[in-house]
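Coordinate analysis (summary)
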Amino acid sequence: MKAFWNERYAETAYAYGQEANDFLKAQQIGSDLKVLCLAEGEGRNGVYLAKLGHDVTCVDYAELGLQKTQLLAAQNGVEVACVCADLGEMQLEANTWDVVVAIFAHFPKPVKSHIWPEIYTALKPGGKLIMEVYDQEQLRFGTGGPQHADLLYSQEELQDLLVGDFKNIQIEKVYREVHEGTYHNGASATLQVIASK
Ligand SMILES: C[S@@+](CC[C@H](N)C(=O)[O-])C[C@H]1O[C@@H](n2cnc3c(N)ncnc32)[C@H](O)[C@@H]1O
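One numbering rule holds for all chains: residues counted from 1, following each sequence as written. Only residues with pLDDT of 70 or above have their local features reported here, since the model is predicted, and side-chain atom pairs are shown and tallied only from 80 upward, although totals for entire chains, interfaces and linings are computed over all residues.

1. A closer look at the environment of Gly181
By definition, any uninterrupted DSSP run of H or I lasting at least four residues is a helix, any uninterrupted run of E lasting at least two residues is a strand, and each is numbered from the N terminus. By the element assignment, Gly181 lies in the loop between β6 (167-180) and β7 (184-196). Setting aside anything within four residues of it in sequence, one finds Gly181 in contact with Ala13, Tyr14, Ala15, Tyr16 and Gly17. Whether two residues are in contact depends on their C-beta atoms, placed from the backbone: they are in contact if these lie within 7 Å.

Next up, the structure:
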């Protein structure tokens, strides 16, 4: 899969555009925060957050995505830290982040099982998870996202992944137009998630 992503990011154009995700932009998340963007690809969300003044670290396992993240940051006159790592194995430092962002972060089940407890641990008390992903129903729309149900999410799966530890969990299934670069285009079924530690 990593080779798939590097191949996609080898294109000159930004696969999901240079604008941040709509759901992320709609959040009021305070100022001057430490933000961790997971599976951040080419960095559109991280750069947006850095431009708001946050201290941003982007993680992805696709080196070419992170190179484009650095390029986008430089073009926008901001800095973001980039970490090249596999989220199926990565250990996150405890109580470190005010906000964790996971936009269209789609993984196989073993990676999902590993990373959600890590995210909880990594958030500071009161810290917030912000996430938008495709719902399994997205398979019938065919307007973007993985073509395998296991890589998509359902409300029930997210409740299982988040329940027990996270507080104030909001998981909303949304039907909306998504227009992000070349690969996310059209009517879509997503899950928009906010949760706190
Ligand atoms: C659909 S892209 C989303 C990129 C970005 N969040 C955005 O919204 O533009 C999914 C990203 O997940 C990354 N990814 C998938 N599995 C991963 C893993 N196990 N470890 C780290 N990154 C992973 C891919 O490299 C890819 O950049």
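2. Quick notes on the nonpolar core
Judged by nonpolar contacts, the single largest core of 52 residues is most densely connected at Leu38, Val100, Val101 and Leu129. Look past the residues within four positions of Val100 in its chain and what remains in contact with it is Leu36, Leu38, Ile119, Ala122, Leu123 and Leu129. Here a nonpolar core is just a set of buried residues of the types Ala, Val, Leu, Ile, Met, Phe, Trp, Tyr and Cys, joined wherever their C-beta atoms sit within 7 Å. Once C-beta atoms are placed from the backbone, each residue is buried if 20 or more other C-beta atoms lie within 10 Å of its own, exposed if 12 or fewer, and partly exposed for counts between those two.

3. Considerations on the site of the ligand
Being near a molecule or strand means, for a residue, that its C-beta atom, positioned from the backbone, comes within 6 Å of it. Close to the ligand lie 21 residues, the nearest being Trp5, Ala39, Gly41, Tyr61 and Leu87. Each residue gets one of three labels, nonpolar for Ala, Val, Leu, Ile, Met, Phe, Trp, Tyr, Cys and Pro, charged for Asp, Glu, Lys and Arg, and polar for the others, Gly among them. Residue composition of the shell around the ligand, by class: 12 nonpolar, five polar and four charged.

4. Overview of the pairing of strand β5 (residues 123-134)
Of all 12 residues that make up β5, nine are buried, and the element is covered over most of its length. Bridging between strand β4 (residues 97-103) and β5 involves six bridges; their strand directions are parallel. When the bridges of β5 are listed, Val101 appears paired with Ile130. Pairing between strands requires that DSSP locate at least two bridges from one strand to the other.

5. Some words on the sheet that holds β6
Sheet strands line up and pair through hydrogen bonds in the backbone, either parallel or antiparallel. If you trace the seven strands from one edge of the open sheet to the other, you get β3-β2-β1-β4-β5-β7-β6, paired in mixed fashion. Either end of the sheet is taken by a strand with one partner, and the two such strands are β3 (81-84) and β6. Direction aside, neighbouring strands of the sheet carry axes that sit 20 degrees apart on average. As judged from the four bridges shared by strand β2 (residues 55-60) and β3, these two strands associate in the parallel manner. Following the sheet pairing, Cys58 is matched in β3 by Cys82. Fitted lines through C-alpha atoms give the axes, limited to the stretch in contact for helices. The angle between two N-to-C directions lies from 0 to 180 degrees. Running over the sheet, helix α3 (residues 44-51) touches β1 (34-38), β2 and β4 and is turned about 175 degrees from β2.

6. A closer look at the packing of α3 against helix α4 (residues 63-75)
When two helices pack together, their arrangement is captured by the angle between the axes and the distance separating the axes. Here α3 crosses α4 at 30 degrees, and the two axes come no closer than 9 Å. The angle between the axes of α3 and α4 places the two elements in the roughly parallel class. The handedness of the crossing between α3 and α4 comes out as right-handed. Along its contact with α3, which presents Arg44, Gly46, Val47 and Ala50, the element α4 presents Thr69, Leu72 and Ala73. Considering only residue class, the contact of α3 with α4 consists of four nonpolar, two polar and one charged. Reported orientations rely on four angle classes, namely roughly parallel under 35 degrees, roughly antiparallel over 145, roughly perpendicular from 65 to 115, and oblique for the rest. By the definition used in this description, the sense in which the near helix is turned from the far one sets the handedness, with an anticlockwise turn below a right angle giving left-handed and a clockwise turn giving right-handed.

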